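Understanding the architecture of this molecule
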Amino acid sequence: MTKAYINGIGCISPQNSIDSEWFFDAINPAKGDYFDAIEPSYKEFIAPNLLRRMGRAIKMGVAAGNIAIQQAGIEKVDAIITGTGLGCFEDSERFLLAILNNDEQFLTPTSFIQSTHNTVGSQIALIMKCHDYNFTYVHRGFSFESTIQDALMLFEEGKETILVGGIEEHTPNFVVLNRRAHKFQELPSDKPIWKSTTPGIQMSEGTAFFVLNKTKTEKSLASIDGIQTLYKPKTSADILNKLHSFLKLHNLTLADIDVTLMGFSDDVNFDQKLQELLPSIEKESIAACYKNVCGEYHTASAFAMWTATKLIEKQKLPKVLAISDKAPSKIKHVLIINQYLGINYSFTLLSQC
Amino acid sequence: MSQRVYITGLGMISAIGNNVPESFLSLSQSKTGIGKINHLTTRYKDEFLAGEIKLSNTDLADLVKDNNPALNRNSYIAMLAAKEAVINSGIDTNDGLRTGVISSTTIAGMGKTELYYKEMFEKDDHLNVLDTHDCGDSTERIADYLGNVDYVTTISTACSSAANAIMLGCRMIKHGQLDRVVVGGVDALSKFTFNGFNTLMILDREWCKPFDENRKGLNLGEGAAFVVIEGENALNLRKGKALAEVVGYANTNDAYHQTASSPEGYGATLAIQQALTMSGLTPSQIDYINMHGTGTPNNDLSESFATKAIFGNQVPKFSSTKAFTGHTLAAAASIETVISVLSLQNSMIFPNLNFTTAIAETGLVPETTLVNTPLNTILSNSFGFGGNCSSLIFKKA
């Protein structure tokens with residue numbers, strides 16, 4: 001079965017993940033009920049003439065892509081595949097408000113041009129002069145997963161090196177509206193994220209990019225062995241059955257999984273099936289979480305993949321992520337079980353290589 | 001790994017009809033759907049033309065038989081076109097085979113968001129619009145409407161979106177991940193897109209004139225089109241009937257400018273070239289090209305140069321059908337896929353309306369009246385903002 005070797009990573013999140021040395025040592029708490037990403041000084045990554053016009057999602061995406069490419073030590077890629085649930089929301093909102101505030105008059109096109117969901121992927125193609133395959137996935141909690149599924153197919157079709165990434169941004173207005181719609185945890189909870197008893201997430205944003213290679217090289221940090229999405233599974237037992245089949249496909253069982261990263265979002269309704277699943281996971285593997293650190297957004301699974309890569313690289317499970325009391329003796333296989341809104345579920349298997 | 005992939009069902013709603021038979025009638029009578037704006041709320045409604053679907057949201061709700069207030073125009077038309085395609089194909093999503101829905105959209109729920117956005121800061125009545133703003137919403141509505149769907153995803157690559165949905169569907173079948181996929185795209189008209197294109201100054205105030213020397217821009221349209229594609233194994237298993245075969249596809253990037261195409265059409269040339277290579281056909285074996293042909297000065301010139309780069313002095317018969325439907329953005333490539341299959345089935349080339357004078361630099365002349373001629377192969381192009389270029393090649397089944 002085709003694997004993808006991760007040869008470079010770049011991540012902008014509410015934590016200091018932009019610093020390649022950071023490994024969950026100092027953790028930024030949420031700003032009340034939501035997280036903002038920590039943005040780097042973009043001048044290091046993006047030419048000033050381009051930077052001036054770019055919205056935040058574009059800047060975050062291009063910078064994280066750039067970091068991944070630098071780490072991989074490459075100059076060209078055979079495909080650029082991005083995933084984003086909401087796309088360039090800041091530019092969309094700016095153009096929308098200009099229309100509404102000025103009764104459709106005195107508009108300038110820049111924010112409209114940049115509002116299309118494929119802007120990040122196409123800006124990277126422009127900068128890299130990449131005329132090859134370019135795709136943008138925009139399906140909720142499958143946006144990033146789709147990029148990996150596509151990359152694995154492209155490797156079988158003969159591509160060698162592919163840049164994939166997940167991008168999400170929010171705006172102050174969007175945070176306000178979501179709070180008004182009661183999407184957030186209203187009272188700070190003292191319960192850990194996997195034991196939530198109340199609805200509401202901690203909304204967040206971020207971007208993570210990966211340079212994937214068809215063959216293993218000395219740069220390879222980990223391999224992606226497989227990925228599967230599940231749309232609206234009916235019960236947690238369904239998820240568990242599908243998980244066993246998924247692992248079997250890779251000649252593994254749950255007992256072979258050293259760490260299982262689970263996408264608890266702090267919303268009891270969305271997390272219900274994962275809460276039911278947790279005892280079965282803990283029985284054979286070591287359970288951990290990540291949305292307590294990165295928050296919840298459509299492409300939080302890209303942060304999870306960045307985390308899994310780091311765990312394999314450092315051979316350590318940071319305390320802040322641990323659900324189970326046991327510490328792993330080695331980290332060879334990491335499984336990510338992500339969920340979004342209790343509708344979009346996915347399994348991703350990463351291994352030491 | 002490679003099994004052949006066939007189109008086995010068509011569904012479409014646009015300015016030229018609420019379903020495929022109505023669309024075929026308009027096409028064969030050279031009757032455009034572009035006209036005065038009736039449904040879209042905009043201060044420019046008397047100044048511009050658009051290709052609107054002739055139904056209100058209430059009419060659409062009646063047709064889908066669902067009064068769920070969360071549904072928006074994008075979802076209504078997507079559900080209708082996808083259902084028509086499934087019924088047309090005769091597949092049964094309950095038969096245990098793996099079915100996917102791969103859709104595409106650029107505007108998603110913005111058409112409803114723009115109506116209530118400011119109000120949402122004051123009142124609670126329409127806060128649920130937040131839940132349907134994103135691109136994935138209409139795709140999941142389709143999946144739930146059809147039932148028993150194993151896989152969903154959504155693509156947004158501007159005006160080439162649906163071509164990429166079709167391409168991905170074919171690839172997933174060839175890789176053995178799905179047995180059949182409902183693929184296509186949807187974009188309802190919105191104030192947001194209308195003003196965006198107006199601000200870019202690429203809207204023609206009169207009927208668009210693709211490939212005409214005096215073309216001034218595009219007319220926006222709205223629509224949804226889906227096709228059922230099936231691997232030959234699944235098709236043979238149920239003894240179904242193929243309408244056409246997808247024999248070539250390619251996705252490239254122009255990497256020239258965020259919104260403009262390169263003058264020589266570099267990305268487009270690459271896409272056509274690669275799709276031809278995959279199909280094993282030579283340029284002379286292409287019988288007809290359904291062009292992207294938006295009617296903007298930039299696109300049509302660039303696409304003409306790409307066409308000449310591939311076909312030299314033997315350019316096949318071609319036309320753009322956007323003067324019928326308007327430019328339907330994410331839905332354009334799937335609408336033109338349905339039109340291409342209708343061309344193959346009925347041995348008809350639908351005309352490039354409103355054309356009088358060839359572009360001086362290229363001299364290319366499209367078909368301007370209905371042509372009855374046997375067709376075996378069709379190339380269909382779609383290009384979009386962000387340099388996304390996609391070409392598809394269909395063969396008569």
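Points about the overall build of chain B
- Broken down by element type, chain B carries 12 helices and 15 strands.
- For 397 residues, the compact-globule estimate of 2.2 N^0.38 gives 21 Å, and chain B sits close to it at 20 Å.
- Put simply, chain B has 397 residues, and 62% of those count as buried.
- Considering only intrachain contacts with a sequence separation of at least 6, the fraction spanning at least 24 residues in chain B is 79%.

Observations regarding the domain arrangement of chain B
Residue and element names in this part refer to chain B.
- What the domain assignment lists for chain B is domain 1 (5-237) and domain 2 (250-396).
- Taking the mean C-alpha position of each, domain 1 and domain 2 sit 21 Å from one another.
- Across the contact, 59 residues belong to domain 1 and 53 residues belong to domain 2.
- Of all the secondary structure elements, the ones that give two or more residues to the side of domain 1 that touches domain 2 are β1 (5-14), α1 (20-28), β3 (49-51), α6 (161-174), β6 (180-187), β7 (220-221) and β8 (223-231).
- Top element by residues in the side of domain 1 that touches domain 2 is α6. It accounts for six residues.
- Class assignment of the residues belonging to the side of domain 1 that touches domain 2 gives a composition of 29 nonpolar, 23 polar and seven charged.

So, the sheet that holds β3(B)
Residue and element names in this part refer to chain B.
- Ordered by their spatial adjacency, three strands build an open sheet running β2-β3-β7, and the pairing between neighbours is mixed. Each having just a single partner strand, β2 (35-36) and β7 make up the two edges of the open sheet.
- As judged from the two bridges shared by β3 and β7, these two strands associate in the parallel manner. Residue pairing in the sheet places alanine 50 in a bridge with leucine 220 of β7.

Topic: the interface of chain A and chain B
- Chain A puts 44 residues into the contact, and the matching count from chain B is 46 residues.
- Of all elements in the fold, only α3 (89-101), α4 (110-113), α5 (119-128), β3 (133-137), α6 (143-156), α7 (172-180) and β6 (222-231) of chain A reach the threshold of two or more residues within the side of chain A that touches chain B.
- Residues of the side of chain A that touches chain B, tallied by class, amount to 22 nonpolar, 15 polar and seven charged.

Quick look at the packing of helix α2 (residues 56-72) of chain A against α5(A)
Residue and element names in this part refer to chain A.
- Two elements in contact, α2 and α5, have axes whose closest approach is 9 Å; the angle formed by their N-to-C orientations is 50°. Taken together, α2 and α5 sit at an angle that is classed as oblique. Pair α2 / α5 crosses with right-handed handedness. Judged by residue contacts, Ala57, Ile58, Gly61, Val62 and Gly65 of α2 engage Thr119, Val120, Gln123, Ile124 and Ile127 from α5.
- Partitioning the contact of α2 with α5 into residue classes produces six nonpolar, four polar and no charged.

Quick word on the nonpolar core
- Within the largest apolar cluster, 237 residues are counted, with the highest numbers of intra-cluster contacts made by B:Ile77, B:Ala81 and B:Ile229.
- The dominant element in this core, judged by the number of residues it contributes, is α2(A), at 10 residues.
- Sequence-distant contacts of B:Ala81, that is, excluding residues within four places in its chain, are made with B:Gly11, B:Met12, B:Ile13, B:Gly184, B:Ala224, B:Ala225 and B:Phe226.

Topic: the pairing of β1(B)
All names here are of chain B.
- For β1, the tally of buried residues reaches 10 of 10 residues, placing the bulk of the element in the interior.
- When β1 meets β8, the two strands line up antiparallel, connected through nine bridges. If you follow serine 14 over to β8, its bridge partner there is glycine 223.
- Where β1 and strand β9 (residues 244-253) come together, two bridges link them in antiparallel fashion.

Definitions and cut-offs
- Residues numbered from 1 in each chain as written.
- Chains lettered and ligands numbered in written order.
- Predicted model: local features only at pLDDT ≥ 70, side-chain atom pairs only at ≥ 80, totals over all residues.
- Helix = DSSP H or I, 4+ residues; strand = E, 2+ residues; numbered from the N terminus.
- Rg over C-alpha atoms; globule rule 2.2 N^0.38 Å.
- Buried ≥ 20, exposed ≤ 12 C-beta atoms within 10 Å, placed from the backbone.
- Contact = placed C-beta atoms within 7 Å.
- Domains from an automatic or database assignment.
- Nonpolar A, V, L, I, M, F, W, Y, C, P; charged D, E, K, R; others polar.
- Pairing = 2+ DSSP bridges.
- Axes fitted to C-alpha atoms, helices over the stretch in contact; angles between N-to-C directions.
- Parallel < 35°, antiparallel > 145°, perpendicular 65-115°, else oblique.
- Left-handed = near helix turned anticlockwise from the far one by under 90°.
- Core = buried A, V, L, I, M, F, W, Y, C linked by C-beta atoms within 7 Å.

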